[in-house]
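What follows is the residue order along each chain.
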Amino acid sequence: MKIAILKESGAETRVAAIPETVKKFAGLGATVAVEKGAGERASIADSEFEAAGAAIGRRADVLKDADAILCVAGPEPASLKGAKTGALLIGALDPTRRGDDVAAYAKAGIEALAMEWMPRITRAQSMDILSSQSNLAGYKAVVDAASVYGRAFPMMMTAAGTVHPAKAFVMGVGVAGLQAIATARRLGAQVSATDVRSATKEQIASLGAKPIFVEGVAGIEGEGQGGYASETSAEYQAAQAELVSGHIAKQDIVITTALIPGRPAPRLISDAQVATMRPGSVIVDLAAEAGGNVEGCVAGENVERHGVTIIGAVQLARTLPADASALFARNLANFLIAFWDGEKAALVLPDDDEIVSGVRLTKGGSIVNDRLKTAQ
Ligand code: NAD
């Protein structure tokens, strides 16, 4: 079995393998080919991949006879010319937004696997790219907020007087939100947080932050389906807006991360609420690409409203390419190892496996994923 690692293009800084995972693949009996310069932006030299057992080559050489092609972002279908029929393409293929590319992969006989559709089951935790990258994004959101904020985060008692601690509020306590709470706490902020899933209350408190929750109106009991939130009632949304209004006016930093799968991000902060914040405050909207939690947020830009900076955060994991690549690469390696058949020295992906049917988009020239078929 030959595994190809592509050099990413455009804004992508990460790479789908690191020397450690290349060594693992070689240990399984696979041959590994890495496209020249693939690790450059993640600070991995070709020579390091070579030392781990990979051959370095141009795209055409790397693709030739490859059985599995690993990528971070899905490559332009035309750039896979020369890949053999039946080759697996494994990465973050963004199937919801890039349906045309998925159709082109199918047409070219490529078997595409979208790793962001990994089911949220215990067995798949170590293969979950959404979790590994969200964790880094939650950390970076706080660091970015701190760098824009014109004040300090921790309390400082100095001979020249006292610096008061920043007040940070995290809205949406999934993987990114939990890491944002932990990071803001480490920097010395006073942290509070909210979510619609009641299970997060305890998690917030266990990180030393204050849970801010709507009482008396049913939100989402426990974890929610697969850990995901669904839409809440109009009554809950009104109560949440009122609660947030009072709280937000006293905050210096707000990090929003709220997402609902398959829907635009819920609107959590209105322009009028932004106006109640002290000038110089900073909001980081991690849901910017999904439409934004904050009114006035622009994906990929910092905008100022009423003296408050709103950061429309996009793909923050890309700003930590070395760590993000390492975690992403291990997620992919864990997937390959889990489905590796030692006797055949090849990947075997049973159609009736929950993980395989979750991530597989195309097979035998057609789109086979139920989620994509219903979206069409
Ligand atoms: P996500 O990115 O889908 O959403 C972020 C958060 O926003 C969620 O906590 C959600 O409840 C919250 N939210 C949605 N609407 C909201 C609103 N109106 N107001 C406030 N908050 C709102 O979530 P995620 O980070 O992917 O993770 C969610 C959960 O799934 C976590 O508990 C995580 O531990 C779990 N998880 C489990 C696995 C696994 O078992 N393999 C993998 C990943 C995540």
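Presented here is a report on the structure given in the accompanying data block. Bear in mind the structure is a predicted one, so any value in this text is a computation, not a measurement.

With that settled, the discussion passes to the overall build of the chain. In terms of regular secondary structure, the chain is built from 12 helices and 19 strands. Radius of gyration (C-alpha) of the chain: 22 Å, near the 21 Å computed for a compact globule of 376 residues. Dimensions of the chain, computed from the C-alpha atoms along their principal axes, are close to 65 × 50 × 35 Å. Counting only residues that meet the buried cut, the chain has 49% of its 376 residues in that class. By sequence separation, contacts in the chain at least 24 residues apart represent 63% of the contacts at least 6 residues apart. Within the structure as shown, the chain displays about 16,600 Å² of accessible surface, and the carbon and sulfur contribution to it stands at 52%. Placing the 37 positive and 42 negative side-chain charges of the chain at their respective mean positions leaves the two points 3 Å apart.

What follows covers the site of the ligand. Taken together, 23 residues surround the ligand, and among them R120, V175, D195, R197 and Q240 come closest. Contacts to the ligand include Q125, whose side-chain N or O atom sits 3.3 Å from an oxygen atom. Here a nitrogen atom of the ligand and a side-chain polar atom of Q240 are 2.8 Å apart. When isolated, the ligand has an accessible area of 850 Å², and the protein chains bury 88% of it.

With the rule as written, the count across this model stands at 20 salt bridges. Its salt-bridge partner being R197, residue D195 comes within 3.9 Å of it at the nearest N-O pair. By the burial criterion, D195 is buried, and R197 matches it. Here E215 ties to K201 by a salt bridge, and the two come within 3.9 Å at their closest N and O atoms. A residue pair is termed long-range when its members are at least 10 positions apart, and E215 in the loop between strand 11 (210-211) and helix 8 (234-248) and K201 in helix 7 (residues 200-206) qualify at 14 residues. The exposure class of E215 is exposed, given its relative accessible area of 61%. Each of E12, R14 and R318 takes part in one network of salt bridges that share partners.

It is worth spelling out the sheet that holds strand 5 (residues 88-92) at this point. Strand order in the open sheet formed by 6 strands is 3-2-1-4-5-6, with parallel pairing between adjacent strands. A strand with exactly one partner marks an edge of an open sheet, and here the two such strands are strand 3 (55-57) and strand 6 (111-114). Between one strand axis and the next, the sheet turns through 25 degrees on average, direction left out of account. Where strand 1 (residues 2-5) lies against strand 4 (residues 68-73), 3 bridges are found, and the strand directions are parallel.

Counted according to the given criterion, the structure contains 2 aromatic pairs. Judged by centre distance (5.2 Å) and plane angle (50 degrees), the ring pair of F335 and F339 falls under tilted. Residue classification places F335 among the buried positions, given a relative accessible area of 0%. Taking the relative accessible area as the measure of exposure, F339 reaches 7% and is therefore buried. Sitting over the face of the ring of W117, R371 holds its NZ or CZ atom 4.1 Å from the ring centroid.

Here the focus is unusual backbone geometry. Of note, D65 is a non-glycine position whose phi angle comes to about 65 degrees, a positive value. Assignment of secondary structure puts D65 in the loop between helix 3 (59-63) and strand 4.

With that settled, consider the nonpolar core. Core analysis: the largest hydrophobic core is formed by 42 residues, its most contacted members being L70, I90 and F335. Counting residues per element, the ones that place at least two in this core are strand 1, helix 1 (19-28), strand 2 (31-35), strand 4, strand 5, helix 10 (321-338) and helix 11 (354-359). Examining the composition of this core, we find that 7 residues originate from one element, helix 10, more than from any other. Excluding anything up to four places from it in sequence, L70 contacts I3, A4, I5, L6, A16, F25, I90, L332 and L336. Formed by 28 residues, the second largest nonpolar core is a distinct cluster that contains A137, A145, Y149 and L316.

Attention now goes to the side chain of K140. Within the secondary structure layout, K140 lies in helix 5 (residues 129-148). Once residues lying within four places of it in the same chain are set aside, the contact partners of K140 are L316, T319 and L320.

Before going further, it helps to examine the sheet that holds strand 10 (residues 190-194). Picture the strands of a sheet paired through backbone hydrogen bonds; they go either parallel or antiparallel. Pairing within the open sheet is mixed, and its 7 strands lie in the order 11-10-9-12-13-15-14. Every other strand in the sheet has two partners, leaving strand 11 and strand 14 (302-305) as the edge strands with one partner each. Both strand 9 (residues 167-171) and strand 12 (residues 253-256) contribute to a ladder of 4 bridges, which runs parallel. Looking at the pairing, M171 lines up with T256 of strand 12.

Criteria and cut-off values
- Residues numbered from 1 in each chain as written.
- Predicted model: local features only at pLDDT ≥ 70, side-chain atom pairs only at ≥ 80, totals over all residues.
- Heavy atoms only, no water.
- Helix = DSSP H or I, 4+ residues; strand = E, 2+ residues; numbered from the N terminus.
- Rg over C-alpha atoms; globule rule 2.2 N^0.38 Å.
- Buried < 20%, exposed > 50% of the residue type's maximum accessible area, 1.4 Å probe, protein only.
- Contact = heavy atoms within 4.5 Å.
- Areas by Shrake-Rupley, 256 points an atom, 1.4 Å probe, with all protein chains shown as cover.
- Lys, Arg positive; Asp, Glu negative; His and termini not counted.
- Charge placed at Lys NZ, Arg CZ, Asp CG, Glu CD.
- Near = heavy atom within 4 Å.
- Polar contact = N/O pair within 3.5 Å; in protein donor to acceptor, adjacent residues only side chain to side chain.
- Salt bridge = Lys/Arg side-chain N within 4 Å of Asp/Glu carboxyl O.
- Pairing = 2+ DSSP bridges.
- Axes fitted to C-alpha atoms, helices over the stretch in contact; angles between N-to-C directions.
- Phe/Tyr/Trp six-rings, centres within 6.5 Å; stacked < 30°, edge-to-face > 60°.
- Lys NZ or Arg CZ within 6 Å of the ring centre and 35° of its normal.
- Core = buried A, V, L, I, M, F, W, Y, C linked by side-chain atoms within 4.5 Å.

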